[in-house]
Amino acid sequence: MERPPISVLLPTTTWTPACGQVANQLQDGDELLILCDYESDPVSERTDIPASVSVIPAGEPAGCSGKANAIDVGMERAHNDRIVWTDDDFEHPDGWLERLSADYDANGPVSEVPFFRGRDPLSVLLEPTNAFGGTLMTWLGDVAWGGGVIFECDDLDVAAFRTDLTRTVSDDGTLGEHLDVTTVKRVRVVPAGGTTRESLERYVRFISLTRFHAPGLTAFNLGALFAIVAALVVAPLLTIGGLTATYGAVYAAFGIRRWTFLLAVPATVGNLPLFVYALARRTFVWGGRRYRWRSMFDVEVVE
(Lines give C-alpha, C1' and ligand atoms only; values in the text may rest on other atoms or scores of the structure.)
Protein backbone atom coordinates (compact mmCIF):
# COMPACT_ATOMS: atom_id res chain seq x y z
CA MET A 1 0.00 0.00 0.00
CA GLU A 2 1.43 3.37 -1.00
CA ARG A 3 1.81 5.96 1.73
CA PRO A 4 0.28 9.44 1.41
CA PRO A 5 2.51 12.16 -0.08
CA ILE A 6 4.51 14.20 2.44
CA SER A 7 5.53 17.85 2.68
CA VAL A 8 8.83 18.24 4.54
CA LEU A 9 9.52 21.65 6.08
CA LEU A 10 13.22 22.38 6.63
CA PRO A 11 14.30 25.86 7.81
CA THR A 12 17.86 26.74 6.76
CA THR A 13 19.82 29.50 5.06
CA THR A 14 22.45 27.20 3.53
CA TRP A 15 22.36 23.89 1.68
CA THR A 16 23.68 21.39 4.22
CA PRO A 17 24.15 17.61 3.79
CA ALA A 18 20.77 17.16 5.49
CA CYS A 19 19.04 18.93 2.59
CA GLY A 20 20.45 16.45 0.09
CA GLN A 21 19.74 13.47 2.36
CA VAL A 22 16.07 14.41 2.70
CA ALA A 23 15.71 15.31 -0.98
CA ASN A 24 17.03 11.87 -1.98
CA GLN A 25 14.30 10.18 0.08
CA LEU A 26 11.35 11.94 -1.58
CA GLN A 27 8.85 9.87 -3.56
CA ASP A 28 6.27 10.87 -6.17
CA GLY A 29 4.02 13.56 -4.72
CA ASP A 30 6.42 14.46 -1.90
CA GLU A 31 7.95 17.91 -1.59
CA LEU A 32 10.77 19.45 0.40
CA LEU A 33 10.25 23.10 1.30
CA ILE A 34 13.54 24.73 2.26
CA LEU A 35 12.60 27.79 4.27
CA CYS A 36 15.23 30.53 4.39
CA ASP A 37 15.06 34.17 5.44
CA TYR A 38 15.84 36.13 2.27
CA GLU A 39 16.42 35.72 -1.46
CA SER A 40 20.03 36.70 -0.77
CA ASP A 41 20.64 33.65 1.46
CA PRO A 42 23.15 31.18 -0.02
CA VAL A 43 20.57 28.42 -0.38
CA SER A 44 18.41 30.68 -2.58
CA GLU A 45 21.25 31.00 -5.06
CA ARG A 46 21.62 27.25 -5.54
CA THR A 47 20.53 26.14 -9.01
CA ASP A 48 21.08 22.37 -9.00
CA ILE A 49 18.12 21.37 -6.86
CA PRO A 50 15.57 18.68 -7.79
CA ALA A 51 12.13 19.65 -9.04
CA SER A 52 10.56 18.32 -5.85
CA VAL A 53 12.51 20.84 -3.77
CA SER A 54 11.41 24.47 -3.37
CA VAL A 55 13.41 27.25 -1.74
CA ILE A 56 11.04 29.75 -0.11
CA PRO A 57 12.23 33.01 1.50
CA ALA A 58 10.10 33.60 4.60
CA GLY A 59 11.12 37.22 5.13
CA GLU A 60 11.82 39.16 8.30
CA PRO A 61 9.95 38.00 11.41
CA ALA A 62 7.80 40.49 13.29
CA GLY A 63 6.72 39.51 16.77
CA CYS A 64 8.06 35.95 16.56
CA SER A 65 11.30 34.07 16.03
CA GLY A 66 12.83 33.60 12.61
CA LYS A 67 12.25 29.86 12.79
CA ALA A 68 8.62 30.21 13.87
CA ASN A 69 8.11 32.62 10.97
CA ALA A 70 9.71 30.17 8.54
CA ILE A 71 7.56 27.27 9.76
CA ASP A 72 4.42 29.41 9.46
CA VAL A 73 5.25 30.19 5.83
CA GLY A 74 5.97 26.51 5.23
CA MET A 75 2.62 25.49 6.70
CA GLU A 76 0.92 27.95 4.36
CA ARG A 77 2.79 26.77 1.26
CA ALA A 78 2.71 23.01 1.87
CA HIS A 79 0.57 21.14 -0.66
CA ASN A 80 0.18 17.87 1.23
CA ASP A 81 -1.83 16.92 4.29
CA ARG A 82 0.95 14.86 5.88
CA ILE A 83 3.63 17.20 7.26
CA VAL A 84 7.16 16.53 8.52
CA TRP A 85 9.32 19.10 10.26
CA THR A 86 13.06 18.66 10.43
CA ASP A 87 16.32 20.56 10.89
CA ASP A 88 19.47 20.98 8.84
CA ASP A 89 22.09 20.02 11.44
CA PHE A 90 21.95 16.24 11.86
CA GLU A 91 22.20 13.08 9.78
CA HIS A 92 19.05 11.80 8.05
CA PRO A 93 19.91 8.18 7.20
CA ASP A 94 18.36 6.28 4.30
CA GLY A 95 14.80 5.33 5.18
CA TRP A 96 14.38 8.16 7.70
CA LEU A 97 11.30 9.61 5.99
CA GLU A 98 9.72 6.22 5.34
CA ARG A 99 10.18 5.20 8.96
CA LEU A 100 8.56 8.38 10.24
CA SER A 101 5.60 7.85 7.92
CA ALA A 102 5.24 4.23 9.07
CA ASP A 103 5.36 5.46 12.67
CA TYR A 104 2.50 7.84 11.90
CA ASP A 105 0.44 5.03 10.40
CA ALA A 106 0.94 3.03 13.60
CA ASN A 107 0.65 5.77 16.23
CA GLY A 108 -0.68 9.00 14.77
CA PRO A 109 1.47 12.12 15.31
CA VAL A 110 5.00 11.03 16.22
CA SER A 111 8.26 12.70 17.24
CA GLU A 112 11.83 11.47 17.49
CA VAL A 113 14.13 12.66 20.29
CA PRO A 114 17.43 14.60 20.19
CA PHE A 115 20.75 14.19 21.93
CA PHE A 116 22.75 17.41 21.88
CA ARG A 117 26.42 16.61 21.40
CA GLY A 118 28.67 19.44 22.53
CA ARG A 119 31.20 21.24 20.33
CA ASP A 120 32.68 23.58 22.92
CA PRO A 121 33.62 23.28 26.61
CA LEU A 122 30.28 24.52 27.98
CA SER A 123 28.10 22.38 25.70
CA VAL A 124 30.25 19.31 26.44
CA LEU A 125 29.86 19.96 30.17
CA LEU A 126 26.08 20.20 29.78
CA GLU A 127 25.71 16.96 27.81
CA PRO A 128 24.56 14.84 30.80
CA THR A 129 21.83 17.24 31.87
CA ASN A 130 20.80 17.71 28.22
CA ALA A 131 20.52 13.92 27.92
CA PHE A 132 18.26 13.87 30.96
CA GLY A 133 16.11 16.89 30.10
CA GLY A 134 16.35 16.95 26.31
CA THR A 135 16.36 13.23 25.56
CA LEU A 136 14.83 11.26 28.45
CA MET A 137 12.15 13.78 29.42
CA THR A 138 11.23 14.45 25.79
CA TRP A 139 10.60 10.72 25.40
CA LEU A 140 8.83 10.20 28.73
CA GLY A 141 6.69 13.31 28.32
CA ASP A 142 5.76 12.71 24.66
CA VAL A 143 7.12 16.15 23.82
CA ALA A 144 7.22 17.26 20.18
CA TRP A 145 10.73 17.96 18.86
CA GLY A 146 10.89 20.06 15.69
CA GLY A 147 13.88 18.15 14.33
CA GLY A 148 11.83 15.05 13.61
CA VAL A 149 8.06 15.27 13.94
CA ILE A 150 5.23 14.09 11.67
CA PHE A 151 1.52 14.88 11.76
CA GLU A 152 -1.41 15.56 9.45
CA CYS A 153 -3.26 18.84 9.16
CA ASP A 154 -6.47 17.24 10.44
CA ASP A 155 -4.70 16.43 13.72
CA LEU A 156 -4.87 20.06 14.89
CA ASP A 157 -6.56 23.39 14.29
CA VAL A 158 -4.04 24.73 11.78
CA ALA A 159 -5.42 28.27 11.76
CA ALA A 160 -5.24 28.61 15.55
CA PHE A 161 -1.79 27.04 15.60
CA ARG A 162 -0.44 29.41 12.95
CA THR A 163 -1.88 32.39 14.81
CA ASP A 164 0.05 31.39 17.93
CA LEU A 165 3.16 30.54 15.92
CA THR A 166 3.45 34.07 14.55
CA ARG A 167 3.54 35.66 18.02
CA THR A 168 5.95 33.44 19.94
CA VAL A 169 9.49 32.01 19.84
CA SER A 170 9.38 28.23 20.06
CA ASP A 171 8.01 26.42 17.00
CA ASP A 172 7.88 22.94 18.54
CA GLY A 173 6.89 24.23 21.98
CA THR A 174 3.90 25.90 20.34
CA LEU A 175 3.14 22.78 18.32
CA GLY A 176 3.00 20.86 21.60
CA GLU A 177 0.32 23.26 22.85
CA HIS A 178 -1.90 22.26 19.91
CA LEU A 179 -0.96 18.64 19.17
CA ASP A 180 -0.55 15.42 21.15
CA VAL A 181 2.34 13.31 19.90
CA THR A 182 3.87 9.95 20.71
CA THR A 183 7.65 10.03 20.98
CA VAL A 184 9.57 7.05 19.68
CA LYS A 185 12.78 5.90 21.33
CA ARG A 186 14.94 6.86 18.37
CA VAL A 187 17.72 9.35 19.00
CA ARG A 188 19.12 11.86 16.53
CA VAL A 189 22.54 13.24 17.46
CA VAL A 190 22.49 17.03 17.03
CA PRO A 191 25.74 19.05 17.20
CA ALA A 192 25.33 21.81 19.79
CA GLY A 193 27.18 25.03 20.38
CA GLY A 194 30.50 25.77 18.76
CA THR A 195 31.56 28.56 21.06
CA THR A 196 30.87 29.09 24.75
CA ARG A 197 28.83 32.20 23.92
CA GLU A 198 26.62 30.26 21.50
CA SER A 199 26.05 27.56 24.10
CA LEU A 200 25.18 30.12 26.76
CA GLU A 201 22.63 31.79 24.48
CA ARG A 202 21.17 28.38 23.62
CA TYR A 203 20.85 27.56 27.31
CA VAL A 204 19.02 30.83 28.02
CA ARG A 205 16.64 30.12 25.14
CA PHE A 206 15.84 26.62 26.40
CA ILE A 207 15.16 27.85 29.93
CA SER A 208 12.93 30.58 28.50
CA LEU A 209 11.05 27.92 26.53
CA THR A 210 10.33 25.79 29.61
CA ARG A 211 9.57 28.90 31.65
CA PHE A 212 6.69 29.87 29.38
CA HIS A 213 5.51 26.49 28.11
CA ALA A 214 5.99 24.49 31.33
CA PRO A 215 6.28 26.85 34.31
CA GLY A 216 5.54 24.09 36.82
CA LEU A 217 8.34 21.95 35.43
CA THR A 218 10.70 24.94 35.52
CA ALA A 219 10.02 25.46 39.23
CA PHE A 220 10.43 21.72 39.90
CA ASN A 221 13.75 21.60 38.03
CA LEU A 222 15.12 24.55 39.97
CA GLY A 223 14.08 22.97 43.26
CA ALA A 224 15.62 19.64 42.22
CA LEU A 225 18.93 21.34 41.44
CA PHE A 226 19.02 22.94 44.90
CA ALA A 227 18.16 19.59 46.49
CA ILE A 228 20.88 17.69 44.62
CA VAL A 229 23.52 20.31 45.42
CA ALA A 230 22.50 20.14 49.09
CA ALA A 231 22.76 16.34 48.98
CA LEU A 232 26.26 16.64 47.55
CA VAL A 233 27.23 18.62 50.64
CA VAL A 234 25.52 16.30 53.14
CA ALA A 235 26.36 12.93 51.58
CA PRO A 236 28.93 13.54 48.84
CA LEU A 237 30.08 9.99 48.09
CA LEU A 238 26.57 8.53 47.94
CA THR A 239 25.25 11.41 45.82
CA ILE A 240 28.21 11.39 43.43
CA GLY A 241 27.84 7.64 42.87
CA GLY A 242 24.07 7.80 42.48
CA LEU A 243 24.14 10.79 40.14
CA THR A 244 26.82 9.34 37.89
CA ALA A 245 25.09 5.96 37.75
CA THR A 246 21.76 7.61 36.91
CA TYR A 247 23.17 9.53 33.97
CA GLY A 248 25.11 6.47 32.84
CA ALA A 249 21.85 4.52 32.80
CA VAL A 250 20.16 7.25 30.72
CA TYR A 251 23.00 7.15 28.18
CA ALA A 252 22.82 3.35 28.01
CA ALA A 253 19.03 3.32 27.63
CA PHE A 254 19.21 5.53 24.54
CA GLY A 255 22.34 3.99 23.04
CA ILE A 256 24.42 7.14 23.58
CA ARG A 257 28.06 6.10 23.48
CA ARG A 258 29.75 9.10 25.08
CA TRP A 259 32.08 9.38 28.06
CA THR A 260 30.41 12.60 29.14
CA PHE A 261 28.03 10.90 31.58
CA LEU A 262 31.05 11.02 33.89
CA LEU A 263 30.52 14.79 34.02
CA ALA A 264 27.22 14.25 35.85
CA VAL A 265 28.29 16.00 39.06
CA PRO A 266 29.99 19.11 37.60
CA ALA A 267 27.16 19.40 35.05
CA THR A 268 24.52 19.36 37.78
CA VAL A 269 26.40 21.79 40.02
CA GLY A 270 27.10 24.09 37.08
CA ASN A 271 23.45 24.05 36.07
CA LEU A 272 22.34 25.78 39.26
CA PRO A 273 24.02 29.18 38.69
CA LEU A 274 23.37 28.89 34.94
CA PHE A 275 19.67 28.29 35.61
CA VAL A 276 19.42 31.34 37.85
CA TYR A 277 21.37 33.39 35.31
CA ALA A 278 19.06 32.28 32.48
CA LEU A 279 15.96 33.24 34.46
CA ALA A 280 17.46 36.68 35.09
CA ARG A 281 18.30 37.31 31.43
CA ARG A 282 15.85 39.43 29.46
CA THR A 283 17.17 38.81 25.92
CA PHE A 284 18.96 36.05 24.05
CA VAL A 285 20.46 35.52 20.60
CA TRP A 286 19.24 32.82 18.23
CA GLY A 287 20.18 32.49 14.57
CA GLY A 288 21.76 35.93 14.40
CA ARG A 289 18.81 37.79 15.92
CA ARG A 290 18.35 39.02 19.47
CA TYR A 291 14.93 38.44 21.04
CA ARG A 292 13.17 39.81 24.10
CA TRP A 293 10.59 37.19 25.11
CA ARG A 294 8.41 38.78 27.80
CA SER A 295 5.60 36.23 27.90
CA MET A 296 4.24 33.38 25.78
CA PHE A 297 2.85 35.71 23.12
CA ASP A 298 4.91 38.84 23.62
CA VAL A 299 8.08 38.72 21.54
CA GLU A 300 10.25 41.59 20.37
CA VAL A 301 12.95 41.20 17.74
CA VAL A 302 15.52 43.54 19.25
CA GLU A 303 18.08 43.40 16.45
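Residues numbered from 1 in each chain as written. Predicted model: local features only at pLDDT ≥ 70, side-chain atom pairs only at ≥ 80, totals over all residues. Heavy atoms only, no water.

Caption draft 1: Layout of the overall build of the chain. Along the backbone of the chain there are 11 helices and 10 strands. Taking 303 residues into account, the globule formula puts the C-alpha radius of gyration at 19 Å, and the chain, at 19 Å, falls close to it. Across its three principal axes, the chain shows a C-alpha extent of roughly 65 × 45 × 35 Å. Relative to its 303 residues, the chain shows a buried fraction of 51%. Long-range pairs, those at least 24 residues apart, make up 73% of the contacts in the chain between residues at least 6 apart in sequence. Of note, the chain has its 25 positive side-chain charges centred 9 Å away from the centre of its 39 negative side-chain charges. (Helix = DSSP H or I, 4+ residues; strand = E, 2+ residues; numbered from the N terminus. Rg over C-alpha atoms; globule rule 2.2 N^0.38 Å. Buried < 20%, exposed > 50% of the residue type's maximum accessible area, 1.4 Å probe, protein only. Contact = heavy atoms within 4.5 Å. Lys, Arg positive; Asp, Glu negative; His and termini not counted. Charge placed at Lys NZ, Arg CZ, Asp CG, Glu CD.)

Caption draft 2: Structural context of the sheet that holds strand β6 (residues 148-152). Across the sheet, which stays open at both edges, the 7 strands sit in the order β3-β2-β1-β4-β6-β5-β7 with mixed pairing between neighbours. Edge positions in the open sheet fall to β3 (53-57) and β7 (182-192), since each of these has one partner strand only. Averaged over neighbouring strand pairs, the angle between their axes works out to 20° when direction is ignored. Sheet topology places strand β1 (residues 6-11) next to strand β4 (residues 82-86); 4 bridges connect them, and they run parallel. Across the sheet, the residue bridging to L9 is W85, located in β4. (Pairing = 2+ DSSP bridges. Axes fitted to C-alpha atoms, helices over the stretch in contact; angles between N-to-C directions.)

Caption draft 3: Layout of the side chain of T183. Among the structural elements, T183 can be located in strand β7. Here W139 takes part through its backbone oxygen, which lies 2.7 Å from a polar atom of the side chain of T183. In this view, T183 contacts S111, V113, T138, W139, D142 and V143; residues no more than four positions away in its chain are not counted. (Polar contact = N/O pair within 3.5 Å; in protein donor to acceptor, adjacent residues only side chain to side chain.)

Caption draft 4: Expanded view of the pairing of β4. In terms of burial, β4 is largely enclosed, as 5 of its 5 residues are buried. In β4, alternate side chains face the same way, and those of R82, V84 and T86 on one face and I83 and W85 on the other are all buried. By the bridge criterion, 5 bridges tie β4 to β6 in an arrangement that is antiparallel. In the sheet register, I83 faces β6, and the bridge partner there is F151.

Caption draft 5: Molecular detail of unusual backbone geometry. Unlike most non-glycine residues, D142 shows phi in positive territory, near 50°. Tracing the chain through its elements places D142 in the loop between α5 (127-140) and β6.

Caption draft 6: Quick look at the packing of helix α10 (residues 236-253) against helix α11 (residues 264-280). Between α10 and α11, whose axes approach to 8 Å, the crossing angle comes to 100°. Classified by the interaxial angle, the pair formed by α10 and α11 is roughly perpendicular. Residues I240, L243, T244 and Y247 of α10 form the contact with α11, whose own contacting residues are A264, V265 and T268. Each residue belonging to the contact of α10 with α11 can be placed in one class, and the counts come to 5 nonpolar, 2 polar and no charged. (Parallel < 35°, antiparallel > 145°, perpendicular 65-115°, else oblique. Nonpolar A, V, L, I, M, F, W, Y, C, P; charged D, E, K, R; others polar.)

Caption draft 7: Local environment of the nonpolar core. Formed by 24 residues in total, the largest nonpolar core has its most connected members in L9, M75, I83, W85, F151, F161 and L175. Those elements that place two or more of their residues in this core are β2 (31-36), α2 (66-77), β4, β6 and α6 (158-165). Per element, the largest residue contribution to this core is 5 residues, and it comes from α2. Not counting residues up to four positions away in its chain, the partners in contact with L9 are L33, L35, I71, G74, M75, A78, I83, V84, W85 and T86. I6, L26, C36 and V184 belong to the second-largest nonpolar core, a separate cluster that totals 20 residues. (Core = buried A, V, L, I, M, F, W, Y, C linked by side-chain atoms within 4.5 Å.)

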